[in-house]
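Observations on the three-dimensional arrangement
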Amino acid sequence: MILTGPEIARAVAAGEIHIDDFSPARLEPNSYGFRLAPELLCYEQAELDCHEQPKATQVVMGNEGLVLEPGRFYLGGTMEAMGSPRYAATLYACRSVSTLGMWIQFSAPLGHCGAIFPWTLEIGVTHPVRVYPGMTVGKLSFWAMQGESRQYDGKYTGSTSAVASRLSEDEDTGPVPLTSRPVA
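In this convention, every chain numbers its residues from 1, walking through the sequence in written order. This being a predicted model, a pLDDT of at least 70 is required before a residue's local features are given, and a value of 80 or more before pairs of side-chain atoms are given or counted; all residues contribute to the totals for chains, interfaces and linings. Side-chain measures here rest on the full set of heavy atoms in the structure, leaving out hydrogens and waters.

**A word on the overall build of the protein chain**
As a reminder of what qualifies: Per the convention used, a helix needs a DSSP run of H or I reaching at least four residues, while a strand needs a run of E reaching at least two, with both numbered from the N terminus. Only protein chains enter the accessibility calculation, which uses a 1.4 Å probe; a residue whose area is less than 20% of its type maximum is buried, one above 50% is exposed, and one in between is partly exposed. Contacts are residue-level and defined by heavy atoms, with any inter-residue pair within 4.5 Å sufficient. To measure how exposed things are, a 1.4 Å probe is used in the Shrake-Rupley method; for residues, cover is taken only from the protein chains shown.
For the protein chain, the count of helices and strands is two helices and 12 strands. Starting at the N terminus and walking to the C terminus, you meet the elements of the protein chain as α-β-β-β-β-β-β-β-α-β-β-β-β-β. Relative to its 184 residues, the protein chain shows a buried fraction of 38%. Of all intrachain contacts in the protein chain linking residues separated by at least 6 positions in sequence, the fraction that spans at least 24 positions is 74%. Total accessible area on the protein chain stands at roughly 10,700 Å², and carbon and sulfur atoms take up 54% of it.

Dropping the structure here:
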């Protein structure tokens, strides 16, 4: 069951949801609007290997903003540390940002209960778009869980800003031997 804006505010006041720099003005009917942090990461390599930690360069936006270019992939962060030990969360772009041809999330919208940190945004644009630090780019919704919960304790625990991929730390990223299949 999704939480309403007033229920998010109640849960923040009760300590059931953590939103660092909470503002009631950013509450929406079923979500909380979050802002783009000034730091972006850009991968340096033309080709990434899932067995190796990618090298990333940090770019810090000034008040004049930064023009994001098509064909580039950016990792941004939320200004707010957000999450909950009690609720799961999902991240979405604002419609106004999406209709500029900007994506802030491609494939990892789920925040497990216990995951409380600034979220890493997966950013791409269809044509040049100027963005500014502190602009509202998305919304986070919170969901009641059913069943026994288990707190997140993964490799992104303790993150304080956008984080490059840590896939190389997974044990199951190695090659899988191909075996011959029986011929029918």
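**A few points about a nonpolar patch on the surface**
Counted only if it meets this: Like-charged residues are merged into a patch within 9 Å and nonpolar side chains (Val, Leu, Ile, Met, Phe, Trp, Tyr) within 5 Å, provided each residue has over 30% relative accessible area and no salt bridge. Just to be clear on terms, a salt bridge is a Lys or Arg side-chain nitrogen sitting within 4 Å of an Asp or Glu carboxyl oxygen.
On the surface, Phe73, Trp103 and Phe106 cluster together to form a nonpolar patch covering roughly 310 Å² of accessible area. One can find Phe106 in the loop between β8 (102-103) and β9 (110-111). Overall, the relative accessible area of 46% leaves Phe106 in the partly exposed class.

**Brief notes about the pairing of strand β12 (residues 136-143)**
This is how the line gets drawn: Whether two strands pair depends on DSSP finding at least two bridges between them.
Note: strand β3 (residues 31-43) against β12, four bridges, orientation antiparallel. Directly across from Gly33, in β12, lies its bridge partner Lys139. Pairing geometry for strand β7 (residues 88-93) and β12, over six bridges, is antiparallel. Paired with Tyr92 across the two strands is Lys139, which belongs to β12.

**What about unusual backbone geometry?**
A positive phi is found at Asp21, a non-glycine position, where the angle reads about 75 degrees. Of note, Asp21 is situated in the loop between β1 (18-19) and β2 (27-28). You can call Asp21 partly exposed: its relative accessible area is 45%.

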